[in-house]
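Residues per chain, in single letters:
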Amino acid sequence: MAGRRVFLLGGAGLILGGCFDRPCHERIPAQKAFLDGLQALAKPALASNNPLAVEEAARQSVALADKVGAFSDWCGTVRKIEGNAQTAAVTIEVGPQVSLYAFNDWALAFAGSVTDLFLTRSRQTPPPGLSEAAIAALKTLRLGERVTLSGRMGEIAGSGVFDLSRLFGKSDAEHRQFLQTPRFVARIEALAASKKT
C-alpha cells in the first residue's frame, strides 16, 4: 500500500513539474497567441526568399501588434535599461527574440539601438512610455530578471496609437531583420518581479 502511495505522489509531481517547465510566455494564452501569430507570418515569408512576401509579413506583424492593444500579466525578461528616471528606456523580451521597447524621451530613443528604425518623429512630443509605477519597479530589477508586465501595445501614453510602420525601414534587409527579431513599442503601466513557481 505504501509503495502505491509513493508512486501516485511521484506521478502527480511529474505532471505538475511538466507544467512549470514550459516557458512562461507559453502559459499565458493571449501572449502565446501573439507570438504564434508572429511566427506564422515570419517563417514562410523568410523561407520564400521573396522580398515582397517579407515586406507583407512585416506589415501584417505590425497589424497583429495593433490588434493586441492592452495586455496584462504577460511575462518577460528585462534585457536593457538605459537613461535615468526622466529619460528611461527599457527593452523587455516577451518571447524568443521578440521584444517590447518603452521609452520616456525621444532623444534617448534616437541615441539608442533603434536609431535607424525611426524614420520620422511625431509632431507632438509623446508622453512617457513608462508609468511612474513602472519606473519605480525598474529601480528594483536586475538585467536578465523575469518580470510580469501590463500595458498597451504600440501606444505612447496620451498620444493614441503610435504608427509602428515607422519603426522598421523600407529595405528588404530591414524587413528581414524585423521579422527575425521583432521589437514593438509599448506603453508599460505595471512591472513587477515574477514570483518564483
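See above for the structure.
Residues numbered from 1 in each chain as written. Predicted model: local features only at pLDDT ≥ 70, side-chain atom pairs only at ≥ 80, totals over all residues. Heavy atoms only, no water.

Caption draft 1: Inspection of the pairing of strand S2 (residues 89–95) at higher detail. Along S2, six of the seven residues are buried, which leaves the element largely enclosed by surrounding structure. Strand direction decides the pairing type here: strand S1 (residues 70–82) and S2, joined by five bridges, are antiparallel. Bridging from a neighbouring strand, Glu82 pairs with Ala89 of S2. Taking the residues that link successive antiparallel strands as the turn, the S1-S2 hairpin has six residues, and the phi of Gly83 there is positive, at about 80°. Where S2 and strand S3 (residues 98–103) come together, six bridges link them in antiparallel fashion. Bridge pairing links Val90 to Ala102 in S3. Hairpin remark: S2 followed by S3, antiparallel, with two residues in the connecting loop; positive phi at Gln97, about 65°. (Buried < 20%, exposed > 50% of the residue type's maximum accessible area, 1.4 Å probe, protein only. Helix = DSSP H or I, 4+ residues; strand = E, 2+ residues; numbered from the N terminus. Pairing = 2+ DSSP bridges.)

Caption draft 2: Geometry of the nonpolar core. Counting 38 residues, the largest nonpolar core has Phe34, Leu130, Leu149, Phe184, Ile188 and Leu191 as its most contacted members. By size, the runner-up hydrophobic cluster in this structure holds five residues, among which are Ala89, Tyr101, Trp106 and Val185. (Core = buried A, V, L, I, M, F, W, Y, C linked by side-chain atoms within 4.5 Å.)

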